[in-house]
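Analysis of the macromolecular model
Spelled out, the chains give:
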Number of protein chains: 2
Amino acid sequence: MTLVLGVDIGGTDIKLGLVGNEGEIRESGKIPTRPMEGPEAAASRVRRWLEDRAGGAESIVAAGVDCAGLVDGERGFLHVSPNLSGWKNIPLRDVFEHALGVPAIVENDANAAAYGEWAMGAGRGMRNFVCLTLGTGVGGGIIINGALYRGSSGFAGEIGHAVICAGGPLCACGNRGCLEALISAKAIVERAIGMLRAAGESRSTWSDSPTVEALARAAASGDAIAAAAFRETGRWLGISLANIVHILAPEAIAIGGGIAGAGDLILESARATVRDCVMDEAMASVRIVPAELGNRASFIGVSLLALGRLNGRP
Amino acid sequence: MTLVLGVDIGGTDIKLGLVGNEGEIRESGKIPTRPMEGPEAAASRVRRWLEDRAGGAESIVAAGVDCAGLVDGERGFLHVSPNLSGWKNIPLRDVFEHALGVPAIVENDANAAAYGEWAMGAGRGMRNFVCLTLGTGVGGGIIINGALYRGSSGFAGEIGHAVICAGGPLCACGNRGCLEALISAKAIVERAIGMLRAAGESRSTWSDSPTVEALARAAASGDAIAAAAFRETGRWLGISLANIVHILAPEAIAIGGGIAGAGDLILESARATVRDCVMDEAMASVRIVPAELGNRASFIGVSLLALGRLNGRP
């Protein structure tokens, strides 16, 4: 049986999956990332996990490795990652090929998630598909004509850093009014706090430890301000989705990541905005859907990309 | 010799070209559109032009027809065009096939221009390429992996209607803050008039008949307000171009259309904005270039698309 190891490197944890050639997960788990110890130490810990679970590298034919940030898949380099401080210009493919002894590929985590959702989740069977992953940042991945689209620089799909509100709030990237600056977890919490103040109230059930999760619970219990903060977030998301429809006209756009889990409030509001903003009915047929694979999307996607590379696909 | 007739239908004129299979123009001309007389009358006048110039339809193997608006190439329909009032849900392919007696295709004019520039102009030899056509409206066309990208609805590439300044000026499409609302000919003229007023001046060399052409002449003669209006227009354009780079990462973006002819002021300012806004040096390698084919881009592009269709390409 052909197995590929998917390695999804986040700032805190590395999610791991042993994935079969139909995308089925044979084994999964997670280990700490400890970015300060460096990529070689992380790769060694991945190797030990593999030895403990599956008898070592002999059990796999390839590895796919993904993380947030600017990943040059062609050259196998991680330029820089917002979650992995100190990992700059790392030959990540070499590091993992050396540690595991099998061919490896590296990919941006949002691209990997989009590919996973396209192959096994919300985008199955579609020709053109976009997946946004909402969380601390906003990642995007684009499938065109049934293949992951990376663009000429290798860095396409950065929909989170497309400006939708010029002169708007400052983004981590240095620009103003990027989608990410308007709908990141931090932006949602700040929006809710601002709305609470504007309503002349000083506290709420969620205001002592304001997180997106606390806001989601409050909204579900009828907290009007939490609900309004999610709805406004959905309107900003909807403006970006309408832009994607005008530019790329995919069959569907899937929304994943921790914030998408905050429920239907964001998605419903985003869908209404898309209906309002899109020029023509024919365009409005695009479906805005929840992603289906949860936090397994990236390791599934990067595994299938690694398997495809082994079989000669780009 | 294989010849294709390219028919670029504008609100005032129909531009016509007899194009060879290497994209070379054998004959070109223009005739009035007279949209009120309807598409059949226009197609008959195209037929007469062909008879006068080239001995009739026997001389061509196919025709390509393009116009602004929502064109469904697959079904051969024009849904609606901003320039051709009364032409709604027209089976434009059938109309031209009937009039000319050869296979025809229909395409959006900005898509046709992008394909023409890719095949014969500013995008030659590139894998991923975007072309914007600036004028009364803002058209966009996208080449991906060496093919015109139409998306799943057939209407991809409407970059002029992507919102970059939510809540901004009203666009003809009904939204606010679309690129088109910020950089159309009308927007540039209004910007210059606003700047003139803000400067406390009541008139200038261009203010009696304010057009983009008059502003371009004034800017070339040192008129500071005209120059400032073009530079600000370039900044808005640059925000949109940076978005295209983040989303699509093409090798180049070409800028064509009447407004691009206003000179380097817009392009220089747009390039500076792209350099400021794009996240990473690797992305900033995209080239922002003038289109090369002028107003022949669409009829060349649609001719080559028609020829490709004849040869079995999508």
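It should be emphasised that the depicted structure is a prediction, and the values quoted were computed from it without experimental measurement.

1. Quick word on the overall build of chain A
Each helix and strand counted, chain A has 10 helices and 12 strands in total. Expected size for 314 residues packed as a compact globule is a radius of gyration near 20 Å; at 20 Å, chain A falls within 12% of this value. Referenced to the eigenvectors of the C-alpha coordinate spread, the extents of chain A come out at roughly 60 × 45 × 35 Å. Across the 314 residues of chain A, 58% fall into the buried class. Per element, the accessible surface of chain A, about 12,400 Å² overall, is 48% carbon and sulfur. Placing the 28 positive and 33 negative side-chain charges of chain A at their respective mean positions leaves the two points 2 Å apart.

2. Regarding the side chain of B:His246
Along the chain, B:His246 falls in helix H7 (residues 224-248). Beyond its immediate sequence surroundings of up to four residues, B:His246 is in contact with A:Phe155, A:Ala156, A:Gly157, A:Glu158, A:His161, A:Asn175, B:Cys277, B:Val278, B:Met279 and B:Met283.

3. Notes on the interface of chain B and chain A
Tallying the contact residues gives 37 residues for chain B and 37 residues for chain A. Counting each side, the surface lost to burial between chain B and chain A is near 3,200 Å², with a carbon and sulfur contribution of 64%. Contact with chain A buries surface across chain B, with B:Tyr149, B:Ile247 and B:Met279 losing the most and accounting together for 19% of the total. Run the count over chain B and chain A and you get zero salt bridges. Linking chain B to chain A there are 22 residue pairs in polar contact (both at pLDDT 80 or more). Sorting the residues of the side of chain B that touches chain A by element identifies strand E9 (138-144), H7 and helix H8 (264-277) of chain B as the ones contributing at least two each. For the side of chain B that touches chain A, the element with the most residues is H7(B), which contributes six residues. Grouping the amino acids of the side of chain B that touches chain A by side-chain chemistry returns 23 nonpolar, nine polar and five charged.

4. Describing the sheet that holds strand E8 (residues 129-134) of chain A
Residue and element names in this part refer to chain A. With respect to topology, five strands assemble into an open sheet ordered E10-E9-E8-E11-E12, the strand pairing being mixed. The strands lining the two open edges of the sheet, one partner per strand, are strand E10 (147-148) and strand E12 (287-290). When E8 meets strand E11 (residues 252-256), the two strands line up parallel, connected through five bridges. By the bridge assignment, Thr-133 is partnered in E11 with Gly-256.

5. A short note on the packing of helix H6 (residues 212-220) of chain A against helix H7 (residues 224-248) of chain A
Residues and elements named next belong to chain A. For the pair H6 and H7, interaxial distance at closest approach is 7 Å and the crossing angle is 115°. The interaxial crossing formed by H6 with H7 has left-handed handedness. On the side of H6, the interface is formed by Val-212, Leu-215, Ala-216, Ala-218 and Ala-219, while H7 contributes Ala-226, Ala-227 and Phe-230. Of the residues contributing to the contact of H6 with H7, the split by class is eight nonpolar, no polar and no charged.

6. As for the packing of aromatic side chains
All names here are of chain B. Summed over all chains, the structure comprises two aromatic pairs over all chains. With a centroid separation of 5.4 Å and an interplanar angle of 45°, the aromatic rings of Tyr-115 and Trp-118 are classed as tilted. Separated by three residues within a single helix, Tyr-115 and Trp-118 lie in helix H3 (residues 109-120), roughly one turn from each other. For the pair Tyr-115 and Trp-118, a shared accessibility class is recorded, and that class is buried.

7. Considerations on the nonpolar core
If you look at the biggest cluster of nonpolar residues, it comprises 121 residues, and the most contacted ones within it are A:Leu241, A:Leu248, B:Leu241 and B:Leu248. Discounting residues that sit within four places of it in the chain, B:Leu248 has contacts with A:Tyr149, A:Gly151, A:Ala156, A:Ile247, A:Leu248, B:Val130, B:Ile142 and B:Ile144.

8. Side note on the relation of the copies chain B and chain A
The transform that puts chain B on chain A rotates by 180° and translates by 0.0 Å along the axis, for an RMSD of 0.0 Å. Both copies are brought into coincidence by an operation consistent with a two-fold rotation axis. Taken as a fraction of all interface residues of chain B, those also at the interface in chain A reach 100%, which identifies the copy contact as same-surface.

9. Examining unusual backbone geometry
Of note in the backbone geometry, A:Arg34 takes a positive phi value of approximately 45° without being a glycine. Mapped onto the elements of the fold, A:Arg34 is located in the loop between strand E3 (25-32) and helix H1 (39-54). Taking relative accessible area as the criterion, A:Arg34 reaches 42% and is therefore assigned partly exposed. A positive phi angle is found at B:Asn145, which is not glycine, with a value near 50°. Along the chain, B:Asn145 falls in the loop between E9 and strand E10 (147-148).

10. Topic: the sheet that holds strand E7 (residues 104-108) of chain B
All names here are of chain B. With mixed pairing, five strands are arranged side by side in an open sheet as E3-E2-E1-E4-E7. Strand pairing shows two members of the sheet lacking a second neighbour, strand E3 (25-32) and E7, which therefore form its edges. Going across the sheet, the axis of each strand differs from the next one's by a mean of 20°, ignoring polarity. Of the strand pairs in this sheet, strand E2 (residues 13-20) and E3 are connected by seven bridges, and their pairing is antiparallel. Residue pairing for E3: Val-19 is matched across the bridge by Ile-25. On the sheet, H3 packs against strand E1 (3-9), strand E4 (62-67) and E7 and is oriented at approximately 100° with respect to E7. Across the sheet, helix H9 (residues 297-310) lies against E1, E2, E3, E4 and E7, angled at about 130° from E1, the strand it touches most.

11. Looking at H9(B)
All names here are of chain B. Helix length check: H9, at 14 residues, gives a terminal C-alpha distance of 20 Å against a target of 20 Å (1.5 Å per residue), a fit within 8%. Buried residues dominate H9, accounting for 12 of its 14 residues. Among all positions of H9, only Ala-297, Ser-298, Phe-299, Ile-300, Gly-301, Val-302, Ser-303, Leu-304, Leu-305, Ala-306, Leu-307 and Gly-308 are buried. Within two residues after H9, Gly-312 carries a phi angle of roughly 90°, on the positive side.

12. Some words on the packing of helix H3 (residues 109-120) of chain A against helix H10 (residues 297-310) of chain A
Residue and element names in this part refer to chain A. Closest axis-to-axis distance for the H3/H10 pair is 6 Å, and the angle between their directions is 80°. Considered as vectors, H3 and H10 are oriented roughly perpendicular to each other. Contacts from Asp-109, Ala-112, Ala-113, Tyr-115, Gly-116, Glu-117, Ala-119 and Met-120 of H3 reach H10 at Ala-297, Ser-298, Ile-300, Gly-301, Val-302, Leu-304 and Leu-305. A class-by-class count of the residues in the contact of H3 with H10 yields 10 nonpolar, three polar and two charged.

13. What to know about the confidence of the model for chain A
In this model, chain A carries an average pLDDT of 93, and 97% of its residues clear a pLDDT of 70 or more. The least confident element of chain A is helix H9 (residues 281-284) of chain A, whose mean pLDDT is 70; the most confident is H3(A), at 98.

The rules behind these values
- Residues numbered from 1 in each chain as written.
- Chains lettered and ligands numbered in written order.
- Predicted model: local features only at pLDDT ≥ 70, side-chain atom pairs only at ≥ 80, totals over all residues.
- Heavy atoms only, no water.
- Helix = DSSP H or I, 4+ residues; strand = E, 2+ residues; numbered from the N terminus.
- Rg over C-alpha atoms; globule rule 2.2 N^0.38 Å.
- Buried < 20%, exposed > 50% of the residue type's maximum accessible area, 1.4 Å probe, protein only.
- Areas by Shrake-Rupley, 256 points an atom, 1.4 Å probe, with all protein chains shown as cover.
- Lys, Arg positive; Asp, Glu negative; His and termini not counted.
- Charge placed at Lys NZ, Arg CZ, Asp CG, Glu CD.
- Contact = heavy atoms within 4.5 Å.
- Buried area = accessible area lost by both parts, 1.4 Å probe.
- Salt bridge = Lys/Arg side-chain N within 4 Å of Asp/Glu carboxyl O.
- Polar contact = N/O pair within 3.5 Å; in protein donor to acceptor, adjacent residues only side chain to side chain.
- Nonpolar A, V, L, I, M, F, W, Y, C, P; charged D, E, K, R; others polar.
- Pairing = 2+ DSSP bridges.
- Axes fitted to C-alpha atoms, helices over the stretch in contact; angles between N-to-C directions.
- Left-handed = near helix turned anticlockwise from the far one by under 90°.
- Phe/Tyr/Trp six-rings, centres within 6.5 Å; stacked < 30°, edge-to-face > 60°.
- Core = buried A, V, L, I, M, F, W, Y, C linked by side-chain atoms within 4.5 Å.
- Least-squares fit on C-alpha atoms with pLDDT ≥ 70 in both.
- Expected span 1.5 Å × (residues − 1).
- Parallel < 35°, antiparallel > 145°, perpendicular 65-115°, else oblique.
- pLDDT = per-residue confidence, 0-100.

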